[in-house]
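# Structure assessment
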Amino acid sequence: MKGRLKAVSQLQQIAEQQRDRHGQHFARQQDQVGFFARQLQALAGLKSGCQQEGSAGLNALALQNTTQVNAMLSRLISHQQHEMALMHAESQRTKKALEQSQVKVKGLETVMERWQARQRYEQAKKEQKFIEDLINARSKLKKI
């Protein structure tokens, strides 16, 4: 039983380390998603500012430049949205892996507790048997 407990203890430690790594990876991904969201907001603000300047009706060259800038910003925003969606999906996948790791750790903890309780029960049973044998041996000596 001690070998089993030691093996489960080691498995639990490995599972906890994996869970911790998944947690750290998830936190990094959440930070990246936040960074992409802030960049997207900044680009949207830049684009709205650019559109307001273009509507002032300057000259044809300024209007053409504004149109090109708006097109580039639209492509950047589209790319940024795509990247953010990918990061969000990756973050969700890591979150599920983290949850699965947590479930695995909890399962190993339950097995460990159950086996420890069984070991305590068997130890108590052995001690009780030893005491009974000791009492029986003494009572046999008194009879002789």
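To keep things clear, this report deals only with the structure shown in the data block. Only a predicted model underlies this, so the values are computations on that prediction, with no experimental measurement involved.

### So, the pattern of salt bridges
Considering all chains together, one arrives at five salt bridges under this definition. Among the salt bridges present, the one from Asp20 reaches Arg19, with a minimum N-O distance of 3.6 Å. What makes Asp20 partly exposed here is its relative accessible area of 40%. The partner of Lys106 in a salt bridge is Glu109, and the shortest N-O contact between them spans 3.9 Å. Of this pair, Lys106 and Glu109 both sit in helix α2 (residues 60-143), separated by three residues, roughly a single helical turn. Judged by relative accessible area, which is 45%, Lys106 ranks as partly exposed. Under the relative-accessibility criterion, Glu109 is labelled partly exposed at 24%.

### Quick look at the nonpolar core
Leu5, Val8, Ala15, Val105, Leu108, Val111 and Met112 form the largest nonpolar core, which has seven residues in total. Looking at this core, the element that brings in the most residues is α2, giving four residues. Contacts of Met112, omitting those with residues within four sequence positions, involve Leu5, Val8, Ser9 and Gln12.

### A few points about the environment of Asp133
Relative to the helices and strands, Asp133 is located in helix α2. Spatially, the C-alpha atoms of Asp133 and His25 are 58 Å apart, while their sequence positions differ by 108 residues.

Conventions and cut-offs
Residues numbered from 1 in each chain as written. Predicted model: local features only at pLDDT ≥ 70, side-chain atom pairs only at ≥ 80, totals over all residues. Heavy atoms only, no water. Salt bridge = Lys/Arg side-chain N within 4 Å of Asp/Glu carboxyl O. Buried < 20%, exposed > 50% of the residue type's maximum accessible area, 1.4 Å probe, protein only. Helix = DSSP H or I, 4+ residues; strand = E, 2+ residues; numbered from the N terminus. Core = buried A, V, L, I, M, F, W, Y, C linked by side-chain atoms within 4.5 Å. Contact = heavy atoms within 4.5 Å.

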